[in-house]
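Chain by chain, the residues run as shown.
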Amino acid sequence: MNNVTSSTDFGALGVPADLVAILADRGITTPSPIQAATLPDSLRGRDVLGRGRTGSGKTYAFLLPLVARLAGGRRAAAKSPRALIVAPTRELVGQIEQALAPLAASAGLTTQTVFGGVGQGPQVNGLRRGTDIVLACPGRLEDLIQQGHCSLGSVQVTVLDEADHMADLGFLPAVKRLLDATPRGSQRMLFSATLDNAIDVLVKRYLSDPAVHEADSAQSPVSTMDHHVLHLGGRDQRLPVLIDLASAPGRTVVFTRTKHGAKALARQLNKSGVPAVDLHGNLSQGARTRNMDAFHSGKASTLVATDIAARGIHVDDVALVVHADPPTEHKAYLHRSGRTARAGAAGTVVTLMTDEQVRDVRALTRAAGIKPQTTKVDGAGHPLLADLAPGDRVLVPGGYVGEQPAGNQGGGNGGQGGGNGGGRRSGGGGRRRSGGGGQGGASAQAGQGGRGGRGAQGGRSQGQSAGSGSGGGGTGNGGGRNRRRGSGAGAAAGSGSNRNHSAASFSGRR
């Protein structure tokens, strides 16, 4: 295993000049240790196993050789990508896509993301048109392959990013099936923050004589990251201390153990005047994207997240990471903490600890190779808090008020289900019961026609849908689904109807 701590310029490593120029435009001129270690081998087409901590620059370490390999080649055939990047979370796929976009554009390459939580239609269409690089989470990609929408038989380069996290999430069986579907002898690169037995199985089975490099290993100390443990006098001090830390200038990421805890804490912080958004597995993809956009833009200064999202968050200038709930194992601690002190920047990591957590936190930091400064804190007035998060505290009444997505509010004839049809999703029609066949409201913004109200006559059938966008009529007297026997001239204002019914008169059986 090669350990590399020094670096030279990208051109000297063999990176094509046009890609070097794109990096320079983004202020990236000096390779990180993991990039300097792996690029000479990966650019020559060798299989590579690279280990480096979160934030060490692994993404460009595999994107640069991938784009260089595909540039100037034949166009991808329908449903047959030429390269595959597999990552454990939607957020991480999105972050990789952002880094890849300018590189791919310069080489004339097309890309397609594939992950769950959103409709598969656009993904299927992108694959059908032919795409050079697919960036995917394992589950949705397997689904599309099984449906005949994608084949991996033409893949020339496969990348597994955050392989250890995929193992932690139980994705390895799916990952193995995906690798089995790629051609033997194609280039494969595996990057991970830690290398345990599960990863070793992948290496032995799928990598051929790999070049193995380690740079910034998971347990090597980060000189620009300060670690602190705040020993709270009681659980009731947790929220006041978090409010004080998060109301200081700069971006803060707070980690909780559960999805419910992340949602509840974000709500408490907003109620207390700290603009906050949450990020966890229960959110739809649209909500996750909106919340991350708010955090990126600075509209929300605090992000409350669960471990599942830890490796998909890349936001510049995160000054403070707070473990509101200490993680259960050291790898989670390292990856959570990696949201700050990235690419040489300074950062502070704070763990909140109660009396009953002392033994677990000590074992956790020992396993992580961290020696934090532990301080007993008696509340939000402790002077250390100002040192950890310097600057004037600013509270905003109401915290962060998120923007409603287009067409997310119910129409004029309903609220959240009262009156003649309440709001439901994008495009307004009501779904709740109304006194006698409610009208699906017209969305105030462009959206899809929604469902008609559930009326006394004929189940869900007597409302009218009046969406103002490209969607079809909802569950009303025209252009919808589940209409019962009855009369009706449907009045769908969209350009099509839902569930294979036309927006026209309808009577008869369902």
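Note that the structure is predicted; figures quoted are calculated from it, not measured.

Asks: How should I be thinking about the pairing of strand β2 (residues 48-51) in this particular structure?
Replies: Moving residue by residue along a regular strand, the side chains alternate between the two faces of the sheet. Both faces of β2 are covered, namely the face carrying V48 and G50 and the face carrying L49 and R51. Both β2 and strand β7 (residues 187-192) contribute to a ladder of four bridges, which runs parallel. From the neighbouring strand, V48 faces β7, where its bridge partner is M189. Judged from the four bridges that link them, β2 and strand β8 (residues 211-214) form a sheet pairing that is parallel. By the bridge assignment, V48 is partnered in β8 with A211.

Asks: Can you walk me through the packing of helix α9 (residues 172-180) against helix α10 (residues 197-206) in this structure?
Replies: Pairs of packed helices are described in terms of their axes, by the angle between the two and the distance that separates them. Contact geometry of α9 with α10 gives a least axis separation of 12 Å together with a crossing angle of 10 degrees. Put simply, α9 runs roughly parallel to α10. The residues of α10 that touch α9, namely those facing L172, K176, L179 and D180, are A198, V201, L202, R205 and Y206.

Asks: How do you make sense of the confidence of the model for the protein chain when you look at a structure like this?
Replies: Detailed reading of predicted coordinates is not advised where the pLDDT is low. The predicted model of the protein chain averages 78 in pLDDT, with 71% of residues at 70 or higher. Within the model, pLDDT remains below 50 along residues 217-223, and this stretch shows 15 contacts once partners closer than five positions in the same chain are excluded. For residues 407-510, every residue scores under 50 in pLDDT, and the model assigns this stretch 237 contacts once sequence neighbours within four places are set aside.

Asks: What is the right way to look at helix α11 (residues 238-246) in this model?
Replies: Most of α11 is tucked away, with seven of its nine residues classed as buried. Inspection of α11 places R238, V241, L242, I243, D244, L245 and A246 among the buried residues, and these make up the whole buried set.

Asks: Before we go on, may I ask you to explain the pattern of salt bridges in this structure?
Replies: Opposite charge on two side chains permits pairing when their charged atoms draw close. Taken as a whole and assessed by the stated rule, the structure comprises twelve salt bridges. Close ionic contact of D41 with R46 constitutes a salt bridge, the shortest N to O distance being 3.8 Å. Given the relative accessible area of 9%, D41 is considered buried. According to the relative accessible area criterion, R46 is partly exposed, its value standing at 30%. A salt bridge links R288 to E91, with the shortest nitrogen-to-oxygen separation between them at 2.5 Å. Residue R288 is found in helix α13 (residues 285-297), and its partner E91 is found in helix α5 (residues 90-107); the two are separated by 197 residues along the sequence. Among the residues examined, R288 registers a relative accessible area of 6% and is labelled buried.

Asks: Explanation requested: the sheet that holds strand β11 (residues 276-279) in the structure shown.
Replies: The pairing of strands in a sheet comes from backbone hydrogen bonds and takes either a parallel or an antiparallel form. Spatial ordering of the open sheet is given by β11-β12-β10-β13-β14-β9-β15, a layout of seven strands whose pairing is parallel. For this open sheet the edge positions go to β11 and β15 (373-377), each flanked by a neighbour on one side alone. Neighbour to neighbour, the strand axes of the sheet diverge by 20 degrees on average, direction disregarded. Note: strand β10 (residues 251-255) against strand β13 (residues 318-323), five bridges, orientation parallel. Residue R251 lies in a different strand from β13, and its bridge partner there is V318. Packing of helix α12 (residues 259-271) onto the sheet brings it into contact with β10, β11 and β12 (302-305), and relative to β11 it is tilted by some 175 degrees.

Asks: Would you mind showing me how to read the environment of S80 here?
Replies: Along the polypeptide, S80 turns up in the loop between α4 (58-70) and β3 (83-86). Of the residues examined, S80 reaches a relative accessible area of 16% and is grouped as buried. Taking the C-alpha atoms as reference, S80 lies 5.2 Å from S151; in sequence the two are 71 residues apart. Beyond its immediate sequence surroundings of up to four residues, S80 is in contact with T131, S151 and S154.

Asks: Whenever I open this one, α13 confuses me. Can you help?
Replies: End to end, α13 covers 18 Å across 13 residues, agreeing with the expected 18 Å (1.5 Å per residue, within 8%). Looking at α13, one finds that the buried residues are Q285, A287, R288, N291, M292, A294 and F295. Among the structural elements, α5, β10, β11, β12 and β13 are those in contact with the buried residues of α13. Note on α13: the residue one or two positions beyond its end, G298, has a positive phi of about 95 degrees.

How each quantity is defined
- Residues numbered from 1 in each chain as written.
- Predicted model: local features only at pLDDT ≥ 70, side-chain atom pairs only at ≥ 80, totals over all residues.
- Heavy atoms only, no water.
- Buried < 20%, exposed > 50% of the residue type's maximum accessible area, 1.4 Å probe, protein only.
- Helix = DSSP H or I, 4+ residues; strand = E, 2+ residues; numbered from the N terminus.
- Pairing = 2+ DSSP bridges.
- Axes fitted to C-alpha atoms, helices over the stretch in contact; angles between N-to-C directions.
- Parallel < 35°, antiparallel > 145°, perpendicular 65-115°, else oblique.
- Contact = heavy atoms within 4.5 Å.
- pLDDT = per-residue confidence, 0-100.
- Salt bridge = Lys/Arg side-chain N within 4 Å of Asp/Glu carboxyl O.
- Expected span 1.5 Å × (residues − 1).

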